[in-house]
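This is what each chain is made of:
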Amino acid sequence: MGRLSAIQWVLLVGLAALTVQVAQRVDGLKLEDLSPEEKEEAMRQREMLTEMLGQLEGLTEEETKQKIMAFTPQQRDLLKAYYEHKHKQHADTTAANAKLTPEQQQEMLKDLYKQLEDKSFGEQEAIKKKWTAQQKDLFTRYEEYQKKMQEEYAEKRAQELGACEYSEMYPHQRADGDTDWEKPVMGRCRRVHIWDEAIGDSGARALANEILAHPNLFVALSLDTTEVGADGAAHLGRMVKGTSTLEVLDVDSNTIGDAGAKALAEAAANHPALSTLGLAHNDITDDGASALLKLLRSNYKITALPLQGNSISAGVLKSIEELLEKNRQVAAEAAAAAQNASDATGASRGEIVVDDEDEETVVVDEGDERRTDL
């Protein structure tokens, strides 16, 4: 059942109200005390209310106003009565919880979370329905508080990481096998790695915005085990579309699911630089994998696509690996062609390149020699 926003509720103010008794009947309270005729009427009104709330859910302010004005007077009365009743119920439970000491609230929350521990989503919802109004209110307010704290932390952490406030954020593997720590460029890390931090979808959104503010700077983003879901993947997809230098995007060990996989696959279809997309352990099935197959057929630059730990059939995984191997061959051929072109250009300019086992000496013109040890 949907819930009206504050704006939607304001539109109902001033409309005639039914009695709280009717609202209680619609809400399913003490139906056993009603006569058969009253019970039938209450059930009819409940069905009417459910249908109306469904019609209002997700509408804009103007659409909501038009829809409510199109309701019959009886329907508008029913809406207002129901929400007056729910508002009073919420006020009563909030007042009751306010009387609890912090220790009592903590003990109640511990008990509620213990009831939900190791339960499936469906089982948790069934348990919550059995809670008292006071328990529901305390749990909801605490969840909202936790979400707000998480979002504030995620925003701050994303800004810190994006601004490279820590000098050693992401180890960059050099071709010779050694490891360099990425140095800031324009005050920002070009490679950002967050591991095992619950930044969630809000953190993914903040990082996406940070990277989009410098679309030609960042080259790698790793969000391994960070509680990013489908919504976060959508924000990352928006980021991928808006950048041209990103080479690596790793979201291993999250919960982006098929929806998130599709969002990222669609975003990466024409990306000029992305070569690695890490999606291991992300609740992806063949449905999401079909979008990844389409991606590999359209973007030959994708050469690495970790998918272990998902629910993808062996046949689909085989097809993905075959396409990846073709992409790797294309990448190798392109790299060889680029190297040959570079060598040819150097030779035409009179550059002489001499390779030794331990060092490379580049002579550009007579008297101009530079040497770099590998």
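Above this text sits the structure in question.
Residues numbered from 1 in each chain as written. Predicted model: local features only at pLDDT ≥ 70, side-chain atom pairs only at ≥ 80, totals over all residues. Heavy atoms only, no water.

Enquirer: So what about the sheet that holds strand S6 (residues 276-278)? Which residues, and what values?
Expert: If you trace the four strands from one edge of the open sheet to the other, you get S3-S4-S5-S6, paired in parallel fashion. The strands lining the two open edges of the sheet, one partner per strand, are strand S3 (191-195) and S6. Across the sheet, the mean angle separating the axes of adjacent strands is 5° when strand polarity is ignored. Two strands pair when backbone bridges link them, and strand S4 (residues 220-224) and strand S5 (residues 248-250) are joined in this way by three bridges, in the parallel orientation. By the bridge assignment for S5, alanine 220 is matched with valine 248. (Pairing = 2+ DSSP bridges. Helix = DSSP H or I, 4+ residues; strand = E, 2+ residues; numbered from the N terminus. Axes fitted to C-alpha atoms, helices over the stretch in contact; angles between N-to-C directions.)

Enquirer: Give a description of unusual backbone geometry that names residues and reports values.
Expert: Unusually for a residue other than glycine, glutamate 227 sits at a positive phi of about 60°. Along the chain, glutamate 227 turns up in the loop between S4 and helix H10 (230-241). The exposed category is assigned to glutamate 227, whose relative accessible area is 52%. Even without glycine at this site, aspartate 283 takes up a positive phi of about 60°. Within the element layout of this structure, aspartate 283 appears in the loop between S6 and helix H12 (286-298). (Buried < 20%, exposed > 50% of the residue type's maximum accessible area, 1.4 Å probe, protein only.)

Enquirer: Give me the packing of H10 against helix H11 (residues 257-268): which residues, what numbers.
Expert: Remark: H10 packs on H11, axes separated minimally by 8 Å, with the N-to-C direction vectors making an angle of 0°. For the element pair H10 / H11, the angle class is roughly parallel. Residue-level inspection shows Ala230, Ala233, Ala234, Leu236, Gly237, Val240 and Lys241 of H10 in contact with H11, the latter providing Ala259, Gly260, Ala263, Leu264, Glu266, Ala267 and Ala268. Its residues assigned to classes, the contact of H10 with H11 comprises ten nonpolar, two polar and two charged. (Parallel < 35°, antiparallel > 145°, perpendicular 65-115°, else oblique. Contact = heavy atoms within 4.5 Å. Nonpolar A, V, L, I, M, F, W, Y, C, P; charged D, E, K, R; others polar.)

Enquirer: So what's going on with the packing of helix H9 (residues 200-212) against H10? Residues and values would help.
Expert: Viewed as axis vectors pointing N to C, H9 and H10 meet at an angle of 5°, and their least axial separation amounts to 8 Å. When the axis of H9 is compared with that of H10, the two are roughly parallel. Of H10, the residues touching H9 (which contributes Asp201, Ala204, Arg205, Ala208, Asn209, Ile211 and Leu212) are Asp231, Gly232, His235, Leu236, Arg238 and Met239. Grouping the amino acids of the contact of H9 with H10 by side-chain chemistry returns six nonpolar, three polar and four charged.

Enquirer: How would you explain the pairing of S4 if you had to name every residue and give the values?
Expert: Extensive coverage of S4 is indicated by the burial of five of its five residues. Burial along S4 is two-sided: the residues Ala220, Ser222 and Asp224 and Leu221 and Leu223 are all buried. Where S3 lies against S4, five bridges are found, and the strand directions are parallel. In the sheet register, arginine 191 faces S4, and the bridge partner there is alanine 220.

Enquirer: Go over helix H3 (residues 36-56) with me, naming the residues and quoting the values.
Expert: Its 21 residues give H3 an end-to-end C-alpha distance of 30 Å, which sits within 8% of 30 Å, the value for a rise of 1.5 Å per residue. Taken together, the buried positions of H3 are occupied by Ala42, Gln45, Met48, Leu49, Met52, Leu53 and Leu56. In a view along the axis of H3, the buried residues occupy a sector of 135°, so they form one face of it. Turned more than 90 degrees away from the buried face of H3, the exposed residues are Pro36, Glu40, Glu47 and Glu51. Of the residues one or two after H3, glycine 58 is the one with positive phi, at around 80°. (Expected span 1.5 Å × (residues − 1). Arc of directions from axis to C-beta.)

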